[in-house]
Amino acid sequence: MAADNGFLTQFVDETTFYNRIILSHLLPANLWEPLPHFLQTWIRNYLAGNLLYFISGFLWCFYIYYLKLNVYIPKDSIPTRKAMIMQIHVSMKAMPWYTLLPTVSEYMVERGWTKCYSTLDQFNCFLCLVYIALYLVLVEFLIYWVHKELHDVKFLYKHLHATHHMYNKQNTLSPFAGLAFHPLDGISCLSWSSLRMGDLSGSDLRYRVSEAKARGKVMWILQAVPHVIALFIVPIHLITHLSLLFLEAIWTASIHDCIHGNIWPIMGAGYHTIHHTTYKHNYGHYTIWMDWMFGSLKVPLAEDECEKAK
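Residues numbered from 1 in each chain as written. Predicted model: local features only at pLDDT ≥ 70, side-chain atom pairs only at ≥ 80, totals over all residues. Heavy atoms only, no water.

Looking now at the packing of helix α3 (residues 37-67) against helix α4 (residues 81-110). The description of two helices packed together rests on the angle between their axes and the distance between the axes. The N-to-C vectors of α3 and α4 enclose an angle of 140°; their axes lie 8 Å apart at closest approach. Crossing angle aside, the handedness with which α3 passes α4 is right-handed. The residue makeup of the contact of α3 with α4, split by class, is 17 nonpolar, nine polar and four charged. (Axes fitted to C-alpha atoms, helices over the stretch in contact; angles between N-to-C directions. Helix = DSSP H or I, 4+ residues; strand = E, 2+ residues; numbered from the N terminus. Left-handed = near helix turned anticlockwise from the far one by under 90°. Nonpolar A, V, L, I, M, F, W, Y, C, P; charged D, E, K, R; others polar.)

With 16 residues, the main nonpolar core has Val109, Cys116, Tyr135, Leu231 and Leu238 as its most contacted residues. Broken down by secondary-structure element, the contributors of at least two residues to this core are α1 (2-26), α5 (125-152), α7 (202-231) and α8 (238-254). The greatest single-element share of this core, amounting to five residues, is contributed by α5. If we skip the residues at most four places from it in the chain, Leu231 touches Ser105, Val109, Thr114, Lys115, Cys116, Tyr135, Ile236 and His241. If you look at the next biggest cluster of nonpolar residues, it comprises 14 residues, including Ile64, Tyr65, Ile73 and Leu179. (Core = buried A, V, L, I, M, F, W, Y, C linked by side-chain atoms within 4.5 Å. Buried < 20%, exposed > 50% of the residue type's maximum accessible area, 1.4 Å probe, protein only. Contact = heavy atoms within 4.5 Å.)

Moving on, we come to unusual backbone geometry. A cis amide bond, omega 0°, links Trp264 with the succeeding residue Pro265. Relative to the helices and strands, Pro265 resides in the loop between α8 and α9 (269-278). Notably, Asn70 is not glycine yet its phi reads approximately 70°, a positive angle. Its place among the elements puts Asn70 in the loop between α3 and α4. The backbone of Asn282 sits at a positive phi, close to 55°, despite the residue not being glycine. Along the polypeptide, Asn282 turns up in the loop between α9 and α10 (289-294). The exposure class of Asn282 is buried, given its relative accessible area of 1%.

Within the structure shown, the criterion is met by 17 aromatic pairs. Ring centres of Phe141 and Phe294 lie 6.2 Å apart, and the angle between their planes is 55°; this geometry places the pair in the tilted category. Here Phe141, found in helix α5, pairs with Phe294, found in helix α10; they are 153 residues apart in sequence, far enough to count as distant. We classify Phe141 as partly exposed; its relative accessible area is 34%. Judged by its relative accessible area of 35%, Phe294 falls in the partly exposed class. Taken together, the aromatic side chains of Phe141, Tyr144, Trp145, Tyr283 and Phe294 make up a single cluster linked through ring pairs. (Phe/Tyr/Trp six-rings, centres within 6.5 Å; stacked < 30°, edge-to-face > 60°.)

On to the side chain of His281. Among the secondary structure elements, His281 is positioned in the loop between α9 and α10. By relative accessible area, His281 is classed as buried at 17%. There is a polar contact of 2.9 Å between the side chain of His281 and the side chain of Thr278. Setting aside residues up to four positions removed in sequence, His281 forms contacts with Ile274, His275, Asp291, Ser296, Leu297 and Lys298. (Polar contact = N/O pair within 3.5 Å; in protein donor to acceptor, adjacent residues only side chain to side chain.)

To continue, consider the pattern of salt bridges. Counted according to the given criterion, the structure contains two salt bridges. For Arg44, the salt bridge is made with Glu106, and the minimal N-O distance between the two is 2.8 Å. Of this pair, Arg44 sits in helix α3 while Glu106 sits in helix α4, placing them 62 residues apart in sequence. Comparing Arg44 with Glu106 shows no difference in burial state: the two are buried. The partner of Asp152 in a salt bridge is Lys148, and the shortest N-O contact between them spans 2.6 Å. Highlighted residues: Asp152 and Lys148, both in helix α5, separated by four residues, approximately one helical turn. For Asp152, a relative accessible area of 40% corresponds to the partly exposed category. By relative accessible area, which is 18% here, Lys148 ends up buried. (Salt bridge = Lys/Arg side-chain N within 4 Å of Asp/Glu carboxyl O.)

For Val225, the position within the fold is in helix α7. In this structure the C-alpha to C-alpha distance between Val225 and Leu142, which are 83 residues apart in sequence, comes to 8.7 Å.

Written out as structure tokens, the structure reads:
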């Protein structure tokens, strides 16, 4: 029992260390030190999530819309500032929900409910890499089927997923839309682009915003759950799990910029655009393998496939 307690203490010490690194540099000590450990962890994930979202989003937009103007995205297809500001607004409303998931997963790890490990000396390097591969395959498989069922089950599509598929225009998408849709899913359903901002104004726009927020929170929960389920099945290092969750933010930005990188077997923006225009192909997450295995893959015919969405 003492050995088990010592093992679990390693997780608490590790997450406490992460809390101290982030919070001590961003908040006065008297604001966060008296708080319970769970709340400290949530605030740490919230602040880190915001930093990642804004830094990656601004750098991405600056590069593709200004430094490389008309190289990747035609000038007339660049989203308006208003669109991007509203995407940020929706993302900020949802950010507490996004960051609750890693907070809950850390809590479960600290209680010893998962197969997470905290030190690399528990397995050799080769086995660690094997477990990471298995974790990613399991997450890929589960997200594929969650996403597919959100399309195939009419009730789920109508009440949860339809908002994300209301857009078919490139000029409503930006990297900031990557988190303007799914507070707990970890990757890819309800973006602000689905609001078709160019076609809405006034009360209609406000209604769509509130509807998107509500649906987005549920969507995030549904599609992020595979990351948590995998913790109970595959041994994985805690920092690897947390890193993959936060990297979801960068990945969702990349598949909403409408730039087809054409890197096999990555499920990039070209494939994701087809998903949004056909509604029945390319449900995968990081790769095309699940769609290939289950017969739902549709390959972009040209690198400018995104132009068809305009």
